[in-house]
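Each chain, letter by letter, is given below.
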Amino acid sequence: MRSNAVVLAAVLCLFLLPPFAVGIRTGPGRITTVNGGRNAFSKLGPFMEAPEYRNGKECASLVNRENFVSSSNDPSLVHIAMTLDSEYLRGSIAAVHSVLRHASCPENVFFHFIAAEFDSASPRVLSQLVRSTFPSLSFKVYIFREDTVINLISSSIRQALENPLNYARNYLGDILDRSVDRVIYLDSDVIVVDDITKLWSTELTGTRVIGAPEYCHANFTHYFTSNFWSDPVLPGQISGRTPCYFNTGVMVMDMVRWREGSYREKLEKWMQLQKKMRIYDLGSLPPFLLVFGGNVEAIDHRWNQHGLGGDNIRGSCRSLHPGPVSLLHWSGKGKPWVRLDEKRACPLDHLWEPYDLYKHKIERVKDQALLWFASLSELADD
């Protein structure tokens with residue numbers, strides 16, 4: 001009887017759990033250790049515990065703070081969705097730190113982390129590491145089922161762009177709780193240096209589903225192959241629109257309109273076509289350009305100073321675009337934590353470094369400082 005009950009429970013799980021993701025963690029809360037959890041996530045860090053960032057008196061009070069499971073639909077919250085994986089974990093931790101550090105009401109920010117089901121570090125371990133670094137952070141971790149998208153992914157110009165987790169943004173309407181009707185999506189290689197509520201306050205006018213900084217000077221035709229432009233039908237799919245390039249690493253998204261408009265299915269149709277006739281070379285970006293290009297709420301460029309990671313081949317150093325900066329984005333091959341560790345940092349990588357909570361790095365800096373002071377002492381003695 002016991003074995004039958006176990007089988008029945010397993011079958012029920014397969015049919016009752018959502019097809020895209022399973023939520024496993026909410027916060028703020030306690031750290032629970034499973035299967036030697038602390039030993040498991042110490043291999044990914046260690047990370048230094050972040051300072052406590054608290055709301056000022058001007059912030060709207062949170063409803064039901066003690067029972068945060070039911071308060072994720074609190075209207076005073078700013079919802080941010082990010083992916084969470086072992087490879088980009090250091091970037092994600094720094095990004096979260098930057099958001100909290102500059103937010104006018106940091107306790108009103110709720111993070112939705114999307115973790116891959118088969119990451120080398122389990123989603124539960126990643127969740128515990130986030131909790132140990134940000135003890136009072138409000139967040140939930142969702143397990144993304146990679147088999148949802150893996151058969152739709154085509155080879156890309158850079159192998160990292162083929163990671164199924166890059167496509168999690170396509171499925172936010174299915175992954176996130178239905179109570180979340182609006183979200184800011186951020187890539188893991190960004191640093192926010194302004195109050196995130198300014199971005200959150202972006203109004204999506206008319207029927208627009210997403211908002212993002214647009215770059216209309218970029219040649220839109222370069223993002224698609226000759227197979228696309230020579231086809232007698234496909235270019236007509238964007239006729240009547242004036243599409244501009246935009247980067248999907250920073251988006252304000254209306255999840256109600258997203259779900260009602262079946263935008264996940266629209267993106268998947270272009271991915272299915274790509275498998276048949278290869279109409280683009282980049283990973284998850286081109287379907288967004290085809291579906292939304294020409295109908296994006298334009299956000300000030302200050303909210304995505306992208307391309308700091310260089311191109312997708314060499315990852316060379318880049319400079320900032322002219323104008324003010326609210327968000328720095330190391331899109332491209334070069335990542336600041338990698339270049340800093342390898343002692344080949346670009347000048348702008350040092351703007352990322354103050355938000356890095358990686359403990360080994362901090363200890364190295366302390367050691368270097370001690371050596372420097374020792375050298376000064378020797379010079380003084382001489």
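Note that the structure is a prediction, hence the values are computed from the model and not measured.

K.L.:
In this structure, what is going on with the overall build of the chain? I would like to understand it.
P.N.:
Helix and strand counts for the chain come out as 13 helices and 12 strands. Considering the chain as a whole, with its 382 residues, one finds that 52% of them fall into the buried category. Here the analysis covers contacts within the chain between residues at least 6 apart in sequence; of these, 77% occur between residues at least 24 apart. For the chain, the exposed area adds up to about 18100 Å²; of that, 54% sits on carbon and sulfur atoms.

K.L.:
Can you walk me through the confidence of the model for the chain in this structure?
P.N.:
Detailed conclusions should not be drawn from predicted coordinates in areas where pLDDT is low. The pLDDT averaged across the chain works out to 83; a share of 77% of its residues lies at or above 70. Counting interchain partners and residues more than four positions distant, the pLDDT-below-50 stretch residues 5-17 has three contacts. Every residue in residues 66-70 scores below 50 in pLDDT, and together they form eight contacts with partners more than four places removed in sequence or on other chains.

K.L.:
How should the state of the cysteines be read in this particular structure?
P.N.:
Throughout this description, disulfide means a covalent bond between two cysteine sulfur atoms. Following the criterion strictly, the structure yields three disulfides and no others. Across the disulfide, Cys-59 is cross-linked to Cys-105 (sulfur-sulfur distance 2.1 Å). Every disulfide takes its handedness from the sign of the S-S torsion; for Cys-59 and Cys-105 that torsion is -95°, giving left-handed. Highlighted residues: Cys-59 in the loop between α2 (37-42) and β2 (78-84) and Cys-105 in the loop between α3 (89-102) and β3 (109-116), separated in sequence by 46 residues. Residue classification places Cys-59 among the buried positions, given a relative accessible area of 11%. Sequence-ordered numbering of the bonded cysteines in the chain gives a disulfide pattern of 1-2, 3-4, 5-6.

K.L.:
Would you mind showing me how to read the environment of Pro-164 here?
P.N.:
Residue placement: Pro-164 occurs in the loop between β4 (138-144) and α5 (172-175). Residue Pro-164 is classed as buried on the basis of its relative accessible area, which comes to 12%. Spatially, the C-alpha atoms of Pro-164 and Leu-152 are 9.4 Å apart, while their sequence positions differ by 12 residues. Apart from the residues within four sequence positions on either side, Pro-164 is in contact with Phe-144, Glu-146, Val-149, Ile-150 and Ile-153.

K.L.:
Could you clarify how one ought to interpret unusual backbone geometry in this entry?
P.N.:
Most peptide bonds take the trans configuration, and most residues that are not glycine carry a negative phi. The backbone of Ser-262 sits at a positive phi, close to 50°, despite the residue not being glycine. By the element assignment, Ser-262 lies in the loop between α8 (255-260) and α9 (263-277).

K.L.:
In this structure, what is going on with the nonpolar core? I would like to understand it.
P.N.:
Across soluble globular proteins, nonpolar side chains have a tendency to be buried as a group. Within the largest apolar cluster, 47 residues are counted, with the highest numbers of intra-cluster contacts made by Ile-114, Leu-172, Ile-210, Phe-246, Met-253, Trp-258 and Phe-292. Ranked by residues supplied to this core, first place goes to helix α10 (residues 285-292) with six residues. Contacts of Ile-114, omitting those with residues within four sequence positions, involve Met-82, Thr-83, Leu-84, Tyr-142, Phe-144, Leu-165, Ala-168, Leu-172, Ile-175 and Leu-176. Ranked by size, the runner-up nonpolar core spans 41 residues in total, among them Ile-93, Val-109, Leu-129 and Leu-204.

K.L.:
Would you take a moment to explain the packing of aromatic side chains for this structure?
P.N.:
Pairs of aromatic rings are described using the distance from one ring centre to the other and the angle between the two planes. This structure, assessed with the given rule, holds 18 aromatic pairs. For the pair Tyr-223 and Tyr-245, a centre-to-centre distance of 4.9 Å together with 10° between the ring planes defines the contact as stacked. Taken together, the residues span a long stretch of sequence, with Tyr-223 in the loop between β8 (214-215) and α7 (226-229) and Tyr-245 in strand β9 (residues 245-246) at a distance of 22 residues. Geometrically, the ring pair formed by Phe-228 and Trp-270 is tilted, given 6.3 Å between the ring centres and 50° between the ring planes. Separated by 42 residues along the polypeptide, Phe-228 in helix α7 and Trp-270 in helix α9 bring together distant segments of the chain. Residue classification places Trp-270 among the buried residues on the basis of a relative accessible area of 11%. Linked through ring pairs, Phe-220, Phe-224, Phe-228, Trp-229 and Trp-270 together constitute an aromatic cluster. Positioned above the aromatic ring of Trp-200 is the side chain of Arg-182, whose terminal nitrogen or guanidinium carbon lies 5.3 Å from the ring centre. Looking at Lys-266, its charged tip hangs above the ring of Tyr-263, at a distance of 4.3 Å from the centre.

K.L.:
Even after reading the chapter, I still don't get empty space enclosed by the protein, so can you show me in this structure?
P.N.:
Sizing a probe to match a water molecule and rolling it over the atoms shows the empty space that remains. Inspection of the entire model under this criterion finds two cavities of 30 Å³ or more. Roughly 110 Å³ of volume is contained in the largest cavity. Lining the largest cavity are 13 residues, and of these Glu-52, Tyr-53, Leu-100, Ser-136 and Leu-137 lie nearest its centre. By residue class, the composition of the lining of the largest cavity is eight nonpolar, two polar and three charged. Reported here for the second largest cavity is a volume of approximately 40 Å³. Along the walls of the second largest cavity sit 10 residues, with Ser-154, Tyr-167, Gln-274, Tyr-280 and Gly-283 positioned nearest its centre.

K.L.:
Any chance you could explain the environment of Val-252 here in plain terms?
P.N.:
Tracing the sequence through the fold places Val-252 in strand β10 (residues 250-254). Apart from the residues within four sequence positions on either side, Val-252 is in contact with Arg-182, Val-183, Ile-184, Leu-199, Thr-202, Leu-204, Val-209, Ile-210, Gly-211 and Ile-299.

K.L.:
What am I meant to see in the pairing of β3 here?
P.N.:
On a regular strand, one side chain projects to one face of the sheet and the next to the other, so that they alternate. In terms of burial, β3 is a largely internal element, eight of the eight residues being buried. The side-chain alternation of β3 yields two buried faces, one formed by Val-109, Phe-111, Phe-113 and Ala-115 and the other by Phe-110, His-112, Ile-114 and Ala-116. As a crossover connection, the stretch from β2 through α3 into β3 is right-handed. As defined by bridge partners, β3 adjoins β4 across seven bridges and the pair is classed as parallel. Across the sheet, residue His-112 finds its bridge partner in β4, namely Lys-140. Read from β3 through helix α4 (residues 123-133) to β4, the crossover connection turns out right-handed.

Rules of the game
Residues numbered from 1 in each chain as written. Predicted model: local features only at pLDDT ≥ 70, side-chain atom pairs only at ≥ 80, totals over all residues. Heavy atoms only, no water. Helix = DSSP H or I, 4+ residues; strand = E, 2+ residues; numbered from the N terminus. Buried < 20%, exposed > 50% of the residue type's maximum accessible area, 1.4 Å probe, protein only. Contact = heavy atoms within 4.5 Å. Areas by Shrake-Rupley, 256 points an atom, 1.4 Å probe, with all protein chains shown as cover. pLDDT = per-residue confidence, 0-100. Disulfide = S-S within 2.5 Å. Core = buried A, V, L, I, M, F, W, Y, C linked by side-chain atoms within 4.5 Å. Phe/Tyr/Trp six-rings, centres within 6.5 Å; stacked < 30°, edge-to-face > 60°. Lys NZ or Arg CZ within 6 Å of the ring centre and 35° of its normal. 1 Å grid on protein atoms, 1.4 Å probe; cavity = no way out; pocket = protein on both sides within 12 Å on 5 of 7 lines; lining within 4 Å. Points joined across faces, edges and corners; volume = space filled by probe spheres on them. Nonpolar A, V, L, I, M, F, W, Y, C, P; charged D, E, K, R; others polar. Right-handed = clockwise from strand over helix to strand, strands pointing away. Pairing = 2+ DSSP bridges.

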